[in-house]
Amino acid sequence: SLPFHHQEKCLSKRFQLSASGKCTEKYRMSSRASCAREIRVDAIVGHCAGALTLAPLAPHRGFSLHPLIAITGEGTRFAGASAAIAGTSEEMLEVARGLADSLGMTPITIADADRTLYHAAAVLASNYLVALEETAALLGARVGLERRHL
C-alpha cells in the first residue's frame, strides 16, 4: 500500500482549513516540488494536474492522471471521459493506465512539451462548455426555454 501518512504530513503543510471548513491552498506551485521531497523516497507518488510534467515528483517513482472532465463535486462520474496519463517508467505508466481503466476512462498520453497546450484545450473543452451551457440556459429561460430544449 502507498504510504499515505507521508502525503498527509505534506498536505498539512500545503493546505489549510478555512473558516467554512473547506481546504484552501496555502502555498504556491513552487512548494509542490519541495512537498514531494518530504515524502519517503521509495514511495509512489502521483498528481492530477494537466499542465504539469512529472518533474515536481522527483526523485520518486510517479505518475499523473488528469481527467478531461469538469469535476463538480463528490458525485462526479469519470466513466466515458478521457484521462491524460504519464509515468516515470513503463511500470508507473501502467499504474496510471490501470487507474484510468478502473474509473472507466480512456487513457491518452501527452508529451511533456505539449502539456500546456493540452491543458488549455482541456480547460476549454471541460470547464468553458459547462459555463457556456449554463449561460445558454439562463438566456433561454428569459424567453421561456427550458434546459431540455437546448
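Figured I'd write up the structure that's included with this text. (Residues numbered from 1 in each chain as written. Predicted model: local features only at pLDDT ≥ 70, side-chain atom pairs only at ≥ 80, totals over all residues. Heavy atoms only, no water.)

## Overview of the overall build of the protein chain
Rules: To qualify as a helix, a DSSP run of H or I must reach at least 4 residues; to qualify as a strand, a run of E must reach at least 2; elements of each kind are numbered from the N terminus. Residue exposure (1.4 Å probe, protein chains only): buried if accessible area is under 20% of the type maximum, exposed if over 50%, otherwise partly exposed. Whether two residues are in contact is decided by their heavy atoms, any of which lying within 4.5 Å being enough. Note on areas: these come from Shrake-Rupley sampling with a 1.4 Å probe, and a residue is covered only by the protein chains present in the view.
Secondary structure assignment for the protein chain yields 4 helices and 6 strands. Considering the protein chain as a whole, with its 150 residues, one finds that 28% of them fall into the buried category. Intrachain contacts of the protein chain at a sequence separation of at least 6 include 42% that bridge at least 24 residues. Surface accessibility of the protein chain: about 9,700 Å² in total, with carbon and sulfur atoms responsible for 59%.

## Describing the pattern of salt bridges
As a working rule, side chains carrying opposite charge can pair if their charged atoms are close by. Definition in use: Counted as salt bridges are all cases of a side-chain nitrogen of Lys or Arg within 4 Å of a carboxyl oxygen of Asp or Glu.
All chains considered together, the criterion is met by 6 salt bridges. Put simply, Arg61 and Glu91 hold a salt bridge, and the shortest N to O gap is 3.2 Å. Of this pair, Arg61 sits in strand S4 (residues 61–68) while Glu91 is found in helix H3 (residues 90–102), placing the two residues 30 residues apart along the sequence. Assessed through its relative accessible area of 46%, Glu91 is described here as partly exposed. One salt bridge in this structure joins Arg97 and Glu94, with 3.2 Å as the shortest N-O distance.

## Considerations on the pairing of strand S5 (residues 82–87)
When a strand is regular, its side chains alternate between the sheet's two faces. What counts, and what does not: Being paired, for any two strands, means DSSP has found at least two bridges between them. Handedness is read with the strands pointing away from the viewer; a crossover is right-handed when the path from the first strand over the helix to the second is clockwise.
In the sheet, S4 pairs with S5 via 6 bridges, with the strands oriented antiparallel. If you follow His66 over to S5, its bridge partner there is Ala84. Across 4 bridges, S5 lies against strand S6 (residues 106–109) in parallel orientation. Bridge pairing links Ala83 to Pro107 in S6. Note that the unit made of S5, H3 and S6 has a crossover that is right-handed.

The quantities given are spatial measurements derived from coordinates; they are silent on function.
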